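Results of the structural survey
Here is how the chains run, residue by residue.
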Amino acid sequence: MFIFNQKSVRFIKWIIASFSYALPVWAHEQWLLSPSETQIWNQKPPPTVFSQITLMNLIFFTLAILFLLFWIIAARTKLHQRFSPLEEFLKRNAEYGALFIRWGTGIMLLISAFGLIPRRGNALFTPTVFAPDLVVHLSNIYSYLIICLEILIGIGLIIGLYVRLMTLLLFVLLIIGCYLFQQAMFPYLGFYLGIISYLLLQGGGRWYLPLKPRSPNWLCQPVSRAQFLLRIGTGISFLYAGIGYKFLQPNLALGILEMNNAFTFGISYAVFVLGMAFTETIFGILILLGFLIRPLAIILVILFTFLSLNVGENMLAHSFIYGILFAFILNGSGSMEKNNDWKSK
């Protein structure tokens, strides 16, 4: 273990504690823990690899930096050009990106509205908005209207009915969610703002109902611009989750692994959670930078699938994220400049 001046250690702990206090305790981890379990795990002291500077977390930090540098260098040396035929095929099917996002988001909204994947400790058919931990109590007419709006948007996105109008309604629902749940909405804001931006600029993509009226020309932007905004929102959400929950509230992920007797390749749960924290944070940075976004998205699909199966989570609980990742695979990172696609491989 590395020894530091006591004042320095106290200052670092104060910074971490202050940031942790400022963050909400609601996140994806809360889907798999009941409120009482969340309170119990949060009251426990964090593992040593999160509370002290040790050889193990320094090794992880070094590996994370090396991976980040390797990924950036690999992108700048244009190694991806060896797969140009595959990239051309993906670009020809770029319009399916909006379809995947529509379906993923629509499915998530319907699952939430009907309470089909309730948070641990909640009854089946407990209505929520956007995610299983954002519960809507059906106590008045307004709560019923919120759920009806969510159902309408979900169905509209799936069948491709007035997609841009449904997207505007989704933005209204997002504002309502922020008003009702405040900080609890933070983990999802980046994802959904990215989705809203993408669908507003791209419309239905493929397999939608071609009903009039048509959208104004100024709203129909190149897919690269829509992809850029989607990438920024997604990267912020991954970075927020990696720092705010995996690093500052590691006991939640630790509790999920222990309670589900998860398989971690013989690695201790504490070290495995540390690896998850660095992975989520580094991936958030790389998504924001936009380097080699396609292979990055493929890796994330594999990781999400593995972790969902490993802790007994329903695969559809991440449907909106899968939609985003498939759009990344098709369209790359995008760019706000119409003819600048150098990083979108």
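So, here's what we can say about the structure. Please read all numbers here as calculations on a predicted model, not as lab measurements.

The subject of this paragraph is the overall build of the chain. Summing up its helical and strand segments, the chain has 14 helices and zero strands in all. When the helices and strands of the chain are placed in sequence order, the string is α-α-α-α-α-α-α-α-α-α-α-α-α-α. Here the chain holds 345 residues, and the buried ones make up 50% of them. Accessible surface, the chain as shown: approximately 17200 Å² in total, 70% of it carbon and sulfur.

On to the environment of isoleucine 101. As for its position among the elements, isoleucine 101 is in helix H6 (residues 96-114). You can call isoleucine 101 buried: its relative accessible area is 1%. Along the backbone, isoleucine 101 and leucine 199 are 98 residues apart, and their C-alpha atoms lie at a distance of 8.1 Å. When sequence neighbours within four positions are dropped, the list of residues in contact with isoleucine 101 reads Ile195, Tyr198, Leu199, Leu230, Gly323, Ile324 and Ala327.

Attention shifts here to the packing of helix H12 (residues 269-289) against helix H13 (residues 293-310). Running from N to C, H12 and H13 cross one another at 150°; their axes reach a closest spacing of 11 Å. Judged on the interaxial angle alone, H13 and H12 are roughly antiparallel. Considering only the axes of H12 and H13, their crossing is left-handed. Residues Phe272, Met276, Thr279, Phe283, Leu286 and Ile287 of H12 pack against Ile293, Leu296, Ile299, Leu300, Leu303, Phe306 and Leu307 of H13.

Below, the discussion takes up unusual backbone geometry. In the Ramachandran plot, glutamine 182 falls in the positive-phi region, its phi being about 50° despite a non-glycine side chain. Within the secondary structure, glutamine 182 sits in the loop between helix H8 (163-181) and helix H9 (186-202). In this structure, asparagine 261 is a non-glycine residue whose phi angle is positive, near 50°. With respect to the secondary-structure elements, asparagine 261 resides in the loop between helix H11 (250-259) and H12. Of the residues examined, asparagine 261 reaches a relative accessible area of 66% and is grouped as exposed.

Along an α-helix, residues three or four positions apart point the same way, because every turn accommodates 3.6 residues. For H6, spanning 19 residues, the distance from its first C-alpha to its last is 27 Å, which sits close to the expected 27 Å at 1.5 Å a residue. Most of H6 sits out of view: 15 of its 19 residues are buried. Once H6 finishes, glycine 115 follows within two positions and takes phi at roughly 65°, a positive value.

Here the focus is the packing of aromatic side chains. Enumeration over the complete set of coordinates arrives at 17 aromatic pairs. Their ring planes at 20° and their centres at 6.3 Å tell us that phenylalanine 67 and phenylalanine 283 sit as a pair that is stacked. Placement of the pair is phenylalanine 67 in helix H4 (residues 55-76) and phenylalanine 283 in helix H12, with a sequence separation of 216 residues. Relative to phenylalanine 306, the ring of phenylalanine 265 lies with its centre 5.6 Å away and its plane at 25°, an arrangement referred to as stacked. Of this pair, phenylalanine 265 sits in the loop between H11 and H12 while phenylalanine 306 sits in helix H13, placing them 41 residues apart in sequence. In this structure phenylalanine 306 comes out as partly exposed when scored by relative accessible area, which is 28%. Ring pairing ties together the aromatic residues Phe130, Phe191, Tyr192, Phe238, Phe304, Phe320 and Tyr322, which thus form one cluster.

Turning our eyes to something else, we now look at the packing of helix H2 (residues 35-43) against H11. Between H2 and H11, the least distance of the axes is 9 Å, while the angle of their chain directions is 115°. For H2 against H11, the interelement crossing comes out right-handed. From H2, Glu37, Thr38, Trp41 and Asn42 reach across to H11, where they touch Asn251, Leu252, Leu254, Gly255, Glu258 and Met259.

Reading guide: rules and limits
Residues numbered from 1 in each chain as written. Predicted model: local features only at pLDDT ≥ 70, side-chain atom pairs only at ≥ 80, totals over all residues. Heavy atoms only, no water. Helix = DSSP H or I, 4+ residues; strand = E, 2+ residues; numbered from the N terminus. Buried < 20%, exposed > 50% of the residue type's maximum accessible area, 1.4 Å probe, protein only. Areas by Shrake-Rupley, 256 points an atom, 1.4 Å probe, with all protein chains shown as cover. Contact = heavy atoms within 4.5 Å. Axes fitted to C-alpha atoms, helices over the stretch in contact; angles between N-to-C directions. Parallel < 35°, antiparallel > 145°, perpendicular 65-115°, else oblique. Left-handed = near helix turned anticlockwise from the far one by under 90°. Expected span 1.5 Å × (residues − 1). Phe/Tyr/Trp six-rings, centres within 6.5 Å; stacked < 30°, edge-to-face > 60°.

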